[in-house]
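Working through the structure, step by step
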Amino acid sequence: LAKTTQPISMDSYEGQEVNITCSHNNIATNDYITWYQQFPSQGPRFIIQGYKTKVTNEVASLFIPADRKSSTLSLPRVSLSDTAVYYCLVGTPGTGGFKTIFGAGTRLFVKA
Amino acid sequence: SAVISQKPSRDICQRGTSLTIQCQVDSQVTMMFWYRQQPGQSLTLIATANQGSEATYESGFVIDKFPISRPNLTFSTLTVSNMSPEDSSIYLCSVSTGTQYFGPGTRLLVL
């Protein structure tokens, strides 16, 4: 399983765009990149998943360069409620799913 | 997606006792996972539970301490045995359908 490296923490202000970059130099050919959000006292919540190029959904965008050794989660116009820990994970979906190993995550603080 | 519930949501236990945590998912899934999250820390995988086979434990976790049952494709239990204060943590159930989903967790305090 590929190891991931993220910044430990980031600060932002309401209304700003936040970009969190994750390094995964040893990503395997079949690995997907997935980002989760976790609030205190809750389980992690799936945000977005991608394999290459760009993926966008209603809450975020995920940018993956051609070499796939890194990825960037982009949160547009954050609000106070986006203060949470964000985890970048890399893994290979298998039959029925795949095992996920969590790294340290990035603590995002959104200020008013 | 998958909706996961866990029971109990929290508990306070005495050292030396055992607690069984239940995990129920709203659809049939092959793979279920149990994680532990200590205060302020990331998640640590305890074991993978597939229906019809014994659970596979990660390094540092053993079956005698964390026995797991997986009687069918929608249910699993994790028992924390012979508890000590070091077992105080949040225990999370997770399932994978290609995307991984997590339950709300069980907050355990051992006195």
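Keep in mind it's a predicted model, so treat the numbers as computed, not measured.

What the rule picks out here adds up to 2 disulfides over all chains. Each sulfur of the disulfide joining Cys22 of chain A and Cys88 of chain A lies 2.2 Å from the other. One disulfide, between Cys22 of chain A and Cys88 of chain A, carries an S-S torsion of -80° and so falls in the left-handed class. With Cys22 of chain A in strand S2 (residues 18-23) and Cys88 of chain A in strand S8 (residues 84-91), the pair connects residues that are 66 residues apart, well separated along the chain. Residue Cys22 of chain A is classed as buried on the basis of its relative accessible area of 0%. The disulfide partner of Cys23 of chain B is Cys93 of chain B, and the S-S distance across this bridge is 1.9 Å. The chirality of the disulfide connecting Cys23 of chain B with Cys93 of chain B is left-handed, given an S-S dihedral of about -65°. With Cys23 of chain B in strand S3 (residues 19-25) and Cys93 of chain B in strand S9 (residues 89-96), the pair connects residues that are 70 residues apart, well separated along the chain. As far as the burial class goes, Cys23 of chain B and Cys93 of chain B line up, both buried. Considering cysteine sulfurs only, Cys23 of chain B is the nearest to Cys13 of chain B, which forms no disulfide, with 18 Å between them.

This part is about the pattern of salt bridges. Under the criterion given, the structure shown has 2 salt bridges over all chains. The closest approach of N and O atoms between Lys111 of chain A and Asp11 of chain A, which form a salt bridge, is 3.4 Å. Of the two residues, Lys111 of chain A sits in strand S9 (residues 106-111) while Asp11 of chain A sits in strand S1 (residues 9-13), which places them 100 residues apart along the sequence. Of the residues examined, Lys111 of chain A reaches a relative accessible area of 35% and is grouped as partly exposed. Residue classification places Asp11 of chain A among the exposed residues on the basis of a relative accessible area of 52%. The salt bridge partner of Asp87 of chain B is Lys65 of chain B, with a shortest N-O separation of 2.6 Å. Of this pair, Asp87 of chain B sits in the loop between strand S8 (75-80) and S9 while Lys65 of chain B sits in the loop between strand S6 (56-57) and strand S7 (68-72), and the two are 22 residues apart along the sequence.

Right, let's get into the pairing of S9 of chain A. All names here are of chain A. The alternating pattern of S9 places Thr106, Leu108 and Val110 on a buried face, while none of Arg107, Phe109 and Lys111, on the opposite face, is buried. In this sheet, S9 lies alongside S1 in parallel orientation, the contact comprising 5 bridges. Note that in S9 the partner of Tyr13 across the bridge is Lys111. Here S8 pairs with S9 via 3 bridges, running antiparallel.

What follows deals with the interface of chain A and chain B. With 21 residues of chain A at the contact, the number on the chain B side is 22 residues. Summed over both sides, the interface between chain A and chain B buries roughly 1600 Å², with carbon and sulfur atoms accounting for 49% of that surface. Counting across the interface, chain A meets chain B through 0 salt bridges. In this structure, the connection of chain A to chain B is made through 6 residue pairs in polar contact (both at pLDDT 80 or more).

Cut-offs used in this document
Residues numbered from 1 in each chain as written. Chains lettered and ligands numbered in written order. Predicted model: local features only at pLDDT ≥ 70, side-chain atom pairs only at ≥ 80, totals over all residues. Heavy atoms only, no water. Disulfide = S-S within 2.5 Å. Helix = DSSP H or I, 4+ residues; strand = E, 2+ residues; numbered from the N terminus. Buried < 20%, exposed > 50% of the residue type's maximum accessible area, 1.4 Å probe, protein only. Salt bridge = Lys/Arg side-chain N within 4 Å of Asp/Glu carboxyl O. Pairing = 2+ DSSP bridges. Contact = heavy atoms within 4.5 Å. Buried area = accessible area lost by both parts, 1.4 Å probe. Polar contact = N/O pair within 3.5 Å; in protein donor to acceptor, adjacent residues only side chain to side chain.

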